[in-house]
Number of protein chains: 2
Amino acid sequence: MNIFLNELSQLLDVAGVLSGKATAAYCLDQRRRYQGAALAVARPRSTAEVSAVIKLCAQYGVAIVPQGGNTSLCGAATPDTSGKALVLSLERMNRVLKVDSDNNTIIVEAGAVLAQVQAAARAENRLFPADWAAADSCRMGGALATNAGGVNVLRYGNMRELTLGLEVVLPNGEIWDGLRGLRKDNTGYDLKQLFIGSEGTLGVITRAVLRLYPLPTAHATALVALDHPAAAVELLRGVQAAVGDRVTSFELISKPCFELLAKQCPSLPHPFKPLPEWAALLELSDGGDSEVLSDQLAQVLVTLDCENALLAQNSKQARDFWQLREHIPEAQRREGVSIKHDISVPVGSIPDFLTECGQELAAAFSDAAIIAFGHLGDGNLHYNVFRADKTAAIYSDEPMVNDIVYACVAKHNGSISAEHGIGQLKRHHLAKYRNPLELALMKRIKQSFDLAGIMNPGKVLLD
Amino acid sequence: MNIFLNELSQLLDVAGVLSGKATAAYCLDQRRRYQGAALAVARPRSTAEVSAVIKLCAQYGVAIVPQGGNTSLCGAATPDTSGKALVLSLERMNRVLKVDSDNNTIIVEAGAVLAQVQAAARAENRLFPADWAAADSCRMGGALATNAGGVNVLRYGNMRELTLGLEVVLPNGEIWDGLRGLRKDNTGYDLKQLFIGSEGTLGVITRAVLRLYPLPTAHATALVALDHPAAAVELLRGVQAAVGDRVTSFELISKPCFELLAKQCPSLPHPFKPLPEWAALLELSDGGDSEVLSDQLAQVLVTLDCENALLAQNSKQARDFWQLREHIPEAQRREGVSIKHDISVPVGSIPDFLTECGQELAAAFSDAAIIAFGHLGDGNLHYNVFRADKTAAIYSDEPMVNDIVYACVAKHNGSISAEHGIGQLKRHHLAKYRNPLELALMKRIKQSFDLAGIMNPGKVLLD
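Everything quoted here is computed from the prediction, not taken from an experiment. (Residues numbered from 1 in each chain as written. Chains lettered and ligands numbered in written order. Predicted model: local features only at pLDDT ≥ 70, side-chain atom pairs only at ≥ 80, totals over all residues. Heavy atoms only, no water.)

Caption draft 1: Highlighting the overall build of chain A. Secondary structure assignment for chain A yields 15 helices and 18 strands. Taken over C-alpha atoms, the radius of gyration comes to 23 Å for chain A, in line with the 23 Å a tight globule of 463 residues would show. Expressed as lengths along the three principal axes of its C-alpha atoms, the size of chain A is roughly 70 × 55 × 45 Å. By residue count, 63% of the 463 residues in chain A fall in the buried class. Long-range contacts, defined here as pairs at least 24 residues apart, represent 74% of the contacts in chain A between residues at least 6 apart. Of the accessible surface of chain A, which amounts to about 17000 Å², a share of 51% is contributed by carbon and sulfur atoms. (Helix = DSSP H or I, 4+ residues; strand = E, 2+ residues; numbered from the N terminus. Rg over C-alpha atoms; globule rule 2.2 N^0.38 Å. Buried < 20%, exposed > 50% of the residue type's maximum accessible area, 1.4 Å probe, protein only. Contact = heavy atoms within 4.5 Å. Areas by Shrake-Rupley, 256 points an atom, 1.4 Å probe, with all protein chains shown as cover.)

Okay, structure coming up:
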């Protein structure tokens, strides 16, 4: 290993290799569930350097853990405890290379931070629509490797839909240049699709061509009280019928979320008194004028008989509504530890899922509290289970809670990971909830790209 | 082979196997460039029957040519001349299985005709947006296998973006059930992406879950005269900035197209006198009222200083405008044979591509006439070359014309097949214009799925 580290240090500049205590931050995941150890951290500055590092790893059989902003919620970007893997951080390849307004594309390095990409697009009067809580710290390579989602998927799609081209360094160090910026390209197998969402197990994404959109100038936001999730589905379809893709976000929030916010984040504005059983937070965006769009939204809500709807009167109030939604995870953290799920089912099955899963959890855990919220428009809920008895080690209940939740997801032909991926956290669940043929096909692909098994081992697939 | 045919006939009903003359229509491609021969045509009625047929083929090493509506423009769905391959027609698996309005999805069998899928969606007040010339005869399996495009890609994407789940029979007869209807699902490698666009070389698509959208109730259509393609790109971006994704189609038409239409299709309405150098045909769609949307479009066109713009006053006039666009291929056929290209470049590069490629062709062929039209919004042109001297065998010029056109495409980092795929027609071009590593990766995937090479041999990749 000393020979390997020696050769590694010759490939990169003095800041290019970290070892010892300097690797600590790269070895602990965002949720602090996985404390690993690394042989070293390599921090290349170019695709050629990434290639050289990977070739060296292939030569010595050293495992590679690609890492962007280290914001994975599933432990996908941190090494195991062996201390034998090299963390390959893309943080120094962090440039936005080009914004092309005519083609509506942006070319970025894998280490560019999401907020930086959004800002570069905005500076050219364009929108890069991907957006989620970690926007200020996550990096595009990780976003691509997990096919990340967020609050604008309803209209603009996941990272997969936002990607036109990729450059990837393969597990043998070869560089695949698929950095095309084309809307249509039917020339053989679409290789980029394999790397998007593969969580660094097939290669290291180094650059990407991403889609941009016209920058909306009008926004309209409403918070609508509802009796039942079925009313939310109905509202979604009604608003979409009226204004189509101008519905950018459609989020569902349950009463326990509002209660938790009132308790843990009392300084936020709390517009509903009394609290509704459910609420939908929806946002429209468009060219033109916000006042016109807000009037249109108001009219649609009247037409759809929404009796208890709050329409944001200005951008400040819209921010206030969003603050509520965005503070739910923080309120949860303050309350204590919860067992989290990032699930999806067909949009129309959300009401039944909530009823059935809630009943089953209540039967098994009489003191279970459920914090359900998320991207109803995509059929994606963050479905988190609290126990009132905070002295109990909640994680001991996790297997049983997971079994109940995921069985209910499976019953509705849903997904155990809608947007966070598999990483280390859900490998065993993946093996349980996807059928043997699918798992065999995935392994076949893994083996055909990474026979030696050096790319992010122990992630996604069980060995 | 007699034993194989005997066993095959036992797997299917009496109408399930065609042989001899009855196979003729399945062996000639839509453009009549490829006349092949088949051992037989199998016409299964269920996924289980498809599986049984493929297992039999695997056992006897018989090549399989999957076929839907046989509308490939690249000879992707017809067999070679050996007479040893089995055509596997999905035409009897032609049902729309379910429309789910809450989830905005439709489940179809591979043999369902596109127009039938559109109609089933419309009956539930939903839009299935895929649309192109062969809508009345192409089948969804083929549309998926070629990742087909059409006139609404600008807003809704190709078949890839419209697909949520697939069922596929693999080359060994195993059935992969990936028939999920989820908007978000990050659980391992996205297997369906491999089969979409693989032109039947990795497996046979038998069912699919496709996305639906709200059915637009308002339409606005305009035909705008322009001096130059650069003005079309500017117009596109201006209209999108104002009305966003309500721009559903944005087509470019050149003066020679209008001249050809006037000559060959004189009964059509010809609104421009004199003919402009270029024109853009654009369509907006939305919920609400057509009159409101048309007023909005009119206002946008005034703001963008479009001096010679015709706004359709009613749906009849809108149809008239579209008739012009849609009759260009027919007008070409009446004029004579042309050398066709289905290319794409980054949208902003369209003007340079047209100038440069036009000059190079004119230098090489003083009598070359260029019919350029297509989906400017996607950077996709149908770029067809005529020779005035119709007595010459135009196809003898094809290699040289292709070399000029594709070199110009490559210079702009474009694609030699934007939406039609590779099939037999462009295998050699694919080998020339994609880099060796990409071709090697494609072959690796092909081999890992179809080691025996029985799935649509001779298509996409060279042997």
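Caption draft 2: A look at the interface of chain A and chain B. Taken residue by residue, the interface counts 86 residues in chain A and 86 residues in chain B. Roughly 6700 Å² is buried in total at the junction of chain A and chain B, and carbon and sulfur atoms are behind 52% of that figure. Considering only the side of chain A, the residues that lose the most area to chain B are K184, N186 and Y189 of chain A, jointly responsible for 16% of the buried surface there. Linking chain A to chain B there are twelve salt bridges. For the salt bridge of R246 of chain A with D286 of chain B, the shortest nitrogen-to-oxygen distance reads 2.2 Å. There are 41 residue pairs in polar contact (both at pLDDT 80 or more) connecting chain A and chain B. Counting residues per element, the ones that place at least two in the side of chain A that touches chain B are α6 (153-156), β9 (175-178), α7 (192-195), β11 (213-214), α8 (229-243) and α15 (436-449) of chain A. Ranked by the residues each element gives to the side of chain A that touches chain B, the list is headed by α15 of chain A, at nine residues. When its residues are assigned to classes, the side of chain A that touches chain B shows 31 nonpolar, 32 polar and 23 charged. (Buried area = accessible area lost by both parts, 1.4 Å probe. Salt bridge = Lys/Arg side-chain N within 4 Å of Asp/Glu carboxyl O. Polar contact = N/O pair within 3.5 Å; in protein donor to acceptor, adjacent residues only side chain to side chain. Nonpolar A, V, L, I, M, F, W, Y, C, P; charged D, E, K, R; others polar.)

Caption draft 3: Fine view of helix α3 (residues 47-60) of chain A. A rise of 1.5 Å per residue sets the reference length of α3 of chain A, with its 14 residues, at 20 Å; its end C-alpha atoms lie 20 Å apart and thus fit the reference within 8%. Backbone geometry just downstream of α3 of chain A places G61 of chain A in the positive-phi region, at approximately 65°. (Expected span 1.5 Å × (residues − 1).)

Caption draft 4: Quick look at the side chain of K459 of chain A. All names here are of chain A. With respect to the helices and strands, K459 occurs in the segment after α15. A polar contact of 2.7 Å, which involves the side chain of K459, links it to the backbone oxygen of T78. With residues near it in sequence (within four places) discarded, K459 still touches V65, G75, A76, T78, T201, G423, Q424 and R427.

Caption draft 5: Structural context of the pattern of salt bridges. Going through the model one piece at a time under the given rule, you end up with 54 salt bridges over all chains. The salt bridge partner of D245 of chain B is R155 of chain A, with a shortest N-O separation of 3.7 Å. On the criterion of chain membership, the pair formed by D245 of chain B in the loop between α8 (229-243) and β13 (247-254) and R155 of chain A in helix α6 is interchain, its members lying in two chains. Like D245 of chain B, the residue R155 of chain A is buried in the burial classification. Among the ionic pairs, K263 of chain A bridges to E335 of chain A, the shortest N-O distance being 3.1 Å. A residue pair is termed long-range when its members are at least 10 positions apart, and K263 of chain A in helix α9 (residues 255-264) and E335 of chain A in helix α11 (residues 315-335) qualify at 72 residues. Residue class for K263 of chain A comes out exposed when judged on its relative accessible area of 53%.

Caption draft 6: Structural context of the domain arrangement of chain A. All names here are of chain A. With domains assigned, chain A is organised as domain 1 (2-89), domain 2 (96-214), domain 3 (218-263 + 279-321) and domain 4 (342-411). The straight-line distance from the C-alpha centre of domain 3 to that of domain 4 is 25 Å. Carbon and sulfur atoms make up 70% of the surface buried where domain 3 meets domain 4, a total of about 1100 Å² over both sides. Considering only the surface of domain 3 that becomes buried against domain 4, V233, E251 and L252 emerge as the three largest contributors, covering 37% of it. For the interface between domain 3 and domain 4, the tally reads zero salt bridges. Linking domain 3 with domain 4 are five residue pairs in polar contact (both at pLDDT 80 or more), by the criterion used here. Elements represented by at least two residues in the side of domain 3 that touches domain 4 include exactly α8, β13 (247-254) and α9. For the side of domain 3 that touches domain 4, the element with the most residues is α8, which contributes six residues. In the side of domain 3 that touches domain 4, the residues fall into eleven nonpolar, two polar and two charged. (Domains from an automatic or database assignment.)

Caption draft 7: Fine view of the packing of aromatic side chains. Scanning all chains against the criterion turns up 14 aromatic pairs over all chains. Measuring from ring centre to ring centre gives 6.0 Å for F258 of chain A and F272 of chain A, while their planes differ by 85°; the resulting arrangement is edge-to-face. In this pair, F258 of chain A sits in helix α9 while F272 of chain A sits in the loop between α9 and β14 (278-286), placing the two residues 14 residues apart along the sequence. Residue class for F258 of chain A comes out buried when judged on its relative accessible area of 4%. Taken together through their ring pairs, the aromatic side chains of W176, F195 and F449 of chain A make up a single cluster. Sitting over the face of the ring of F449 of chain B, R444 of chain A holds its NZ or CZ atom 5.6 Å from the ring centroid. (Phe/Tyr/Trp six-rings, centres within 6.5 Å; stacked < 30°, edge-to-face > 60°. Lys NZ or Arg CZ within 6 Å of the ring centre and 35° of its normal.)

Caption draft 8: Quick peek at the relation of the copies chain A and chain B. Least-squares fitting of chain A to chain B yields an RMSD of 0.0 Å, with the superposition described by an axial translation of 0.0 Å and a rotation of 180°. The symmetry that links the two subunits is that of a two-fold axis. Residue by residue, 100% of the interface of chain A is reproduced at the interface of chain B, so both copies engage with the same surface. (Least-squares fit on C-alpha atoms with pLDDT ≥ 70 in both.)

Caption draft 9: Main features of the packing of helix α13 (residues 350-364) of chain B against helix α14 (residues 398-411) of chain B. All names here are of chain B. It is at 10 Å that the axes of α13 and α14 come closest, and there the two elements cross at 155°. With respect to their mutual orientation, α13 and α14 come out roughly antiparallel. At the point where α13 passes α14, the crossing takes the right-handed sense. Residues F353, E356, C357, E360, L361 and A364 of α13 form the contact with α14, whose participating residues are M400, V401, I404, V405, C408, V409 and K411. (Axes fitted to C-alpha atoms, helices over the stretch in contact; angles between N-to-C directions. Parallel < 35°, antiparallel > 145°, perpendicular 65-115°, else oblique. Left-handed = near helix turned anticlockwise from the far one by under 90°.)

Caption draft 10: Summary view of the sheet that holds strand β10 (residues 204-211) of chain A. Residues and elements named next belong to chain A. Judged by pairing direction, the sheet is antiparallel, and its five strands sit side by side in the order β5-β6-β10-β8-β9 without closing on themselves. The open sheet has two edge strands, β5 (96-100) and β9, and neither has a second partner. Pairs of neighbouring strands in the sheet enclose a mean axial angle of 10°, with direction left out of account. Bridge count between strand β8 (residues 163-169) and β9: four bridges; the pairing is antiparallel. Pairing of V169 across the sheet is with I175, part of β9. (Pairing = 2+ DSSP bridges.)

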